[in-house]
Amino acid sequence: MRHIRTKVGVVGVALLTAAPLALNAPSATAASPVNVAARQATAAPTVEEQRLSQHVPQEILRRSGFAGVAGTFAGGLARVDSYGAAKRYVTEAGRGLWRRAVDRVQGRGPQGGDLSRDDDRPLYWARLGMTKALREWKPDFRLSANQRDALMGALERGSRGQDSIDLPGGGHAKTRVLRVVVTGFDPFQLDADARRSNPSGAAALALDGTTVRTSSGRLARVETAVFPVRWADFAAGTVERTLLPYFRRGPRQVDLFTTISQGRPGRFDLERTNGAWRGGYPDNARESRTETVPVPKGVPTVRPQPQWTTTTLPYAQLTAASTGPFPVRDNTAVTEIPAGGSSPVERPDGPTPGSTARAGGGGDYLSNEIGYRATLLRDALKLKIPGGHLHTPVLQFGAGNTDPKTGEVTDPDFVRNRTTITGQVRSILTTALSVASGTMEK
């Protein structure tokens, strides 16, 4: 995901697929008189949820076996009789959707339709169906606005893998299983083309819970999560809340991390520098934020807030290695306001001392921001590990399928491009781990 107000712009699973989500929905109980006054007013669907009624999202859900997810979830909600029961049900429902999406991508269970297994879009649209159902739910008990918000947060975290990261603990530093966290993003720019997929999200689903082996034979466990393309969620601390337990010192502290998003056509970019600036490009909720990246209260940070953070991924080795068909570039460019200046200046070789950020190598959108937040948290905790941001190539449809008004939701080139990008992400990650493990063993 990338948006820069400079010369480079945007170019733009399941164990049970046909059956309901495998949830422990509350069983029906003897009905009690309904207290109509206790039913809570519901909010209007969000901008993202409103897109669900379009043909493309419905086709994606139908052709992946996820069309019944929202209805099954709503049916379970209707049988909940207390806030505590709702919290348990919603939490498990979110985690169940994440597991179902991971299983589908990783080839477990029936395919559920003719949409290719590698597709990240069923998770995105099914989640929105569930959040819409939760927003519209009118329980027969009093539910405060704060309680509904808490349920929504539990659903979001669970369905994004954010609260199910399971890294192995213990072991000798030179021989134990390495611990890795990788993050991806939802599809975005959906008003222009609702068919869009995000290869970073597809890679996260493909990698979650898998094990890779380094060149020296070390095993590494990969755990993943995906994030929304929404400014407000980032300001509220969704990145820090997810990563902090694994960045802190302890038996499950991470050994390597990389945030990933979709970037430029035809290439991977290792973003050398991240900038503390939000450029205001509209997000999936059609909201804009133009400001210094806000650091949430209550999390470790560096003070004063730095304008720039730097990758610690082994960019020299990664750009030299043969990891797949796409070139991997060490991107050192930024846009800054020089010290004492007033106008933005593009710098091909990184920021100058005392400058103010206007775009990191990854731009001024949420892809730059997640890289900035993750590396700022790394620095605040004095965590000496490889970590940074990786941009994938733009995922493109086939030459005859580029018009969103007449195009199909998938085609062979689209699937091949996405699976190729995912495969090279795995190769880049394995190479980075090979370098990191070699350093640890010295």
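Our structure's up above, just so we're on the same page.
Residues numbered from 1 in each chain as written. Predicted model: local features only at pLDDT ≥ 70, side-chain atom pairs only at ≥ 80, totals over all residues. Heavy atoms only, no water.

What exactly am I supposed to notice about unusual backbone geometry here?
Across residues other than glycine, the phi torsion is negative in most instances, and most of the peptide bonds are trans. The amide bond that connects R303 to the next residue, P304, takes the cis arrangement and shows omega of -5°. On the secondary structure map, P304 appears in the loop between β8 (290–292) and β9 (308–310). Even without glycine at this site, K382 takes up a positive phi of about 55°. With respect to the helices and strands, the residue K382 is situated in the loop between α11 (366–380) and β14 (387–392). (Helix = DSSP H or I, 4+ residues; strand = E, 2+ residues; numbered from the N terminus.)

When you look at the sheet that holds strand β2 (residues 210–213) in this model, what are you seeing that I'm missing?
Each strand in a sheet pairs with its neighbour through backbone hydrogen bonds, running either in the same direction (parallel) or in the opposite one (antiparallel). Strand order in the open sheet made by the seven strands is β2-β3-β1-β4-β14-β5-β10, with mixed pairing throughout. Only two strands of the sheet have a single neighbouring strand rather than two, namely β2 and β10 (328–331). Mean inter-strand twist for the sheet, computed between neighbouring axes without regard to direction, equals 30°. Here strand β5 (residues 268–271) runs beside β10; their pairing, made up of four bridges, is parallel. When the sheet's bridge partners are listed, F268 is paired in β10 with V328. Sheet contacts for helix α9 (residues 238–247): β1 (178–185), β3 (219–227) and β4 (256–262); angle to β3, the most-contacted strand, approximately 160°. (Pairing = 2+ DSSP bridges. Axes fitted to C-alpha atoms, helices over the stretch in contact; angles between N-to-C directions. Contact = heavy atoms within 4.5 Å.)

Where do I start with the sheet that holds strand β13 (residues 356–359) in this structure?
A sheet is described by the order of its strands in space; here three strands give the open sequence β12-β11-β13, paired in antiparallel fashion. Each of the sheet's edge strands pairs with one partner strand only, and the pair in question is β12 (345–347) and β13. Averaged over all pairs of adjacent strands, the angle between their axes in this sheet comes to 40°, without regard to strand direction.

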